[in-house]
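Observations on chain architecture
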Amino acid sequence: MVWFVLGVLVGSLFVVSAYPTRNNVQYSTPMIQKIPGRDYTTLLLYTPNGLPLNVKEVQKAVQEFVLKSAPNAKWHVYAVPELPKDTVLTGYGIKVTKDGRAEILIIANNEGVPMLSDKIRDRLLKWSRKAPKFPPAIIPGEKIGVPKGWEAKTVDSSGNVKVYTSESEPYWKSLGDITIEVNDPPYGNIYALAYVYGLKNDNDPNWEYFLVAPPKNAPDEGRYEIDPGYGLRGVEGNTNYKDYVTESAKIIHNWNMDPSLNPKLKIADPILHKNGHTSLQITIGYPVPAVTFTSTIPNYEMLPAVDRSTQIATWLLKFDTDSLDAKYSFGTNVASEGYVS
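The residue numbers shown here count from 1 along each chain, following its written sequence. The predicted nature of this model means local features are confined to residues of pLDDT at least 70 and side-chain atom pairs, given and counted, to a pLDDT of 80 or more, with totals for whole chains, interfaces and linings taken over all residues. Hydrogens and water are ignored here; the side-chain numbers use all heavy atoms of the structure.

**What to know about the nonpolar core**
Nonpolar side chains tend toward joint burial in soluble globular proteins. Threshold: Only buried Ala, Val, Leu, Ile, Met, Phe, Trp, Tyr and Cys residues count toward a nonpolar core, and they belong to the same one when joined by side-chain atoms within 4.5 Å. For the exposure calls, accessible area comes from a 1.4 Å probe over protein chains only, and a residue counts as buried if that area is under 20% of its type's maximum, exposed if over 50%, partly exposed in between. Helix and strand definitions here come from DSSP, where helices need a minimum of 4 consecutive H or I residues and strands a minimum of 2 consecutive E residues; each element is numbered from the N-terminal end. Residue contacts are defined here by distance: any two heavy atoms, one from each residue, within 4.5 Å place the two residues in contact.
The biggest cluster of nonpolar side chains holds 53 residues, and the ones touching the most others in it are Leu45, Val62, Tyr92, Ile94, Ile104, Tyr224 and Leu317. In terms of residues, this core owes the most to one element, helix H1 (residues 55–69), which gives 5 residues. In this structure Leu45 touches Pro30, Met31, Ile32, Leu53, Val58, Ala61, Val62, Thr90, Gly91, Tyr92 and Leu124, once residues within four positions along its chain are discounted.

Here you go:
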């Protein structure tokens, strides 16, 4: 599963403690490590003692960190790890640049899987050593607005007149990316990577547009993946994973934008119902700049659903467990678009 929150948000090592919760699952206050970089700052949160992290504590620490790291940024992107049942948070890393862009890594485990604190910390530290790298802006190659030598006028209900005489070239600017790793040995792992974009220079003073999608012309970089496959029955040489079958799954984009901004969830792709091994070319983006990516579909069905009232886009995956594709790593791409006042 994948969750995203696009939020508008109006160095140190902390003491470790553990405490029980209402359902008798014991959580740990995270070890928090702040690492300054040349043009960015990194925050790492990880389990110190093999106990899962309290999601609300992590969320609070991340929000405060983002605000302090980029106080002058108009928008801040962060991910809230809303994990499914029987899955717990074990590590969280976020790199924030001075202009508010972010690179995020979320690590989770199945509740019954031993949490190796040193391994989780080392994974986050290794990730922290690489400076955040964002894909280039997506530029359409065509302009919008009023062509040179022309003008356009608008009159609102109060009689106010606006004159437009110029054109602009809109583009999608990358605001950051989010990676989620869910470890569930001996059955398999889930991996997801998606990018968040904001539309710039679109000559629309009333709305701000955002996009969650793979980078343009790089379909293999943004993906949802089940590894080593969604069906492993009697596969020779499969010594690390038990036989198992995944019959269905969900991919979720939870936008959760501030209600005061009159949020709208506009579209989600792929929007086609497909069965059988094939590849789809998907294009999404408004108004002119678009992201095009490929979704490779084995023998399964993908059903999209958009709930605009709750700002949630969901893709329901139904697998053919008898398909030969089932023994290979499954991967696909999805995208959704939203905007705020």
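**Some words on the pattern of salt bridges**
Heads up, the condition is: Just to be clear on terms, a salt bridge is a Lys or Arg side-chain nitrogen sitting within 4 Å of an Asp or Glu carboxyl oxygen.
Under the counting rule described, the total for this entry stands at 7 salt bridges. Asp99 is paired through a salt bridge with Lys173; the nearest N and O atoms lie 3.8 Å apart. Linking Asp99 in the loop between strand S5 (87–97) and strand S6 (102–110) with Lys173 in strand S11 (residues 171–184), this pair joins segments that are 74 residues apart in sequence. Assessed through its relative accessible area of 38%, Asp99 is described here as partly exposed. Its salt-bridge partner being Arg121, residue Asp122 comes within 3.5 Å of it at the nearest N-O pair. Residue classification places Arg121 among the partly exposed residues on the basis of a relative accessible area of 30%. Through salt bridges with shared partners, a single network forms among Asp99, Arg101 and Lys173.

**Focus on a nonpolar patch on the surface**
Operational definition: Within this analysis, patches are made of residues with over 30% relative accessible area and no salt bridge. Like charges are joined at 9 Å or less; nonpolar side chains (Val, Leu, Ile, Met, Phe, Trp, Tyr) at 5 Å or less. Surface accessibility follows the Shrake-Rupley procedure with a 1.4 Å probe radius. Residue values consider only the protein chains on display as shielding.
Residues Val155, Val161 and Val163 make up a contiguous nonpolar surface patch of about 270 Å² in total accessible area. One can find Val161 in strand S9 (residues 161–164). A residue is classified by how much of its surface remains accessible, and Val161, at 52% relative accessible area, is exposed.

**Focus on H1**
Spelled out, the test is: A helix is expected to reach a length of 1.5 Å times the quantity of its residues less one. The arc in question is the one traced by the directions running from the helix axis out to the C-beta atoms.
The end-to-end C-alpha distance of H1, which contains 15 residues, comes to 21 Å, matching closely the 21 Å that a straight helix rising 1.5 Å per residue would cover. Looking only at H1, the buried set comprises Val58, Ala61, Val62, Phe65, Val66 and Ser69. All buried residues of H1 lie within an arc of 130° about the axis, which places them on one face of the element. Across H1 from its buried face, at more than 90 degrees, point the exposed residues Lys56, Lys60 and Lys68. In this fold, the buried residues of H1 make contact with strand S3 (31–36), strand S4 (40–46) and S5.

**So, helix H2 (residues 117–128)**
Working note: α-helix, 3.6 residues per turn, so residues spaced by three or four point in the same direction. For H2, with 12 residues, the first-to-last C-alpha span of 16 Å sits near the 16 Å given by 1.5 Å per residue. Within H2, burial applies to Ser117, Ile120, Leu124, Leu125, Trp127 and Ser128. The buried residues of H2 occupy an angular sector of 160° when projected down its axis, which confines them to one face. Opposite the packed face of H2, turned more than 90 degrees from it, sit the exposed residues Lys119 and Lys126.

**A few points about the environment of Ala335**
Tracing the sequence through the fold places Ala335 in strand S24 (residues 335–340). Here the alpha-carbon distance between Ala335 and Val291, two residues 44 residues apart in the chain, equals 9.1 Å.

**Section: the environment of Thr283**
Relative to the helices and strands, Thr283 resides in strand S19 (residues 278–284). Overall, Thr283 belongs to the partly exposed group, its relative accessible area being 47%. Residues Thr283 and Ala335, 52 residues apart in the sequence, show an inter-C-alpha distance of 9.0 Å. In contact with Thr283, other than residues within four places in its own chain, are Asp269, Ala290, Val291 and Thr292.

**Quick notes on the pairing of S11**
Each regular strand shows side chains that alternate between the opposite faces of the sheet. The test is simple: Note: two strands are recorded as paired if DSSP finds a minimum of 2 bridges between them.
Burial within S11 is extensive, with 11 of its 14 residues counted as buried. Of the pairings in the sheet, the one linking S6 to S11 comprises 8 bridges and is parallel in character. Counterpart to Asn109 in the pairing with S11 is Asn183. With 13 bridges joining them, S11 and strand S12 (residues 188–200) adopt antiparallel strand pairing.

**Remarks on unusual backbone geometry**
At Asn262, a residue that is not glycine, the phi angle is positive and equals roughly 50°. If you trace the backbone, Asn262 turns up in the loop between strand S17 (248–254) and strand S18 (264–269). Positive phi values are uncommon outside glycine, yet Gln311 reaches one of about 60°. Relative to the helices and strands, Gln311 is located in the loop between strand S21 (300–307) and strand S22 (312–319).

**Comments concerning the packing of aromatic side chains**
When we look at a pair of aromatic rings, we describe it by the centre distance and by the angle of the planes. Let me state the cut-off plainly: Classification of ring pairs rests on two measures: the distance between centres of Phe, Tyr or Trp rings, Trp counted by its six-membered ring, which must be within 6.5 Å, and the angle between planes, read as stacked under 30 degrees, edge-to-face over 60 and tilted in between.
Going through the model one piece at a time under the given rule, you end up with 5 aromatic pairs. Ring geometry for Trp75 and Phe210: centres 5.0 Å apart, planes at 80°, overall edge-to-face. Of this pair, Trp75 sits in the loop between H1 and S5 while Phe210 sits in strand S13 (residues 208–213), and the two are 135 residues apart along the sequence. When the ring of Phe319 is compared with that of Phe330, the centres are 5.2 Å apart and the planes differ by 80°; the resulting orientation is edge-to-face. One end of the pair, Phe319, is in strand S22; the other, Phe330, is in strand S23 (residues 330–332), and 11 residues separate them in sequence.

**Observations concerning the side chain of Ser336**
Definition in use: Here a polar contact is taken to be a pair of N or O atoms separated by no more than 3.5 Å, where protein atoms must pair a possible hydrogen donor with a possible acceptor and residues adjacent in sequence count only if both atoms sit in side chains.
Within the secondary structure, Ser336 is located in strand S24. At 3.0 Å, the side chain of Ser336 forms a polar contact with the side chain of Trp255. Those residues in contact with Ser336 that lie beyond four places of it in its chain are Phe210, Leu211, Val212, His253, Trp255, Ile267, Ala268, Ile284, Ala313 and Trp315.

Everything listed is a geometric property; what it means functionally is a separate question.
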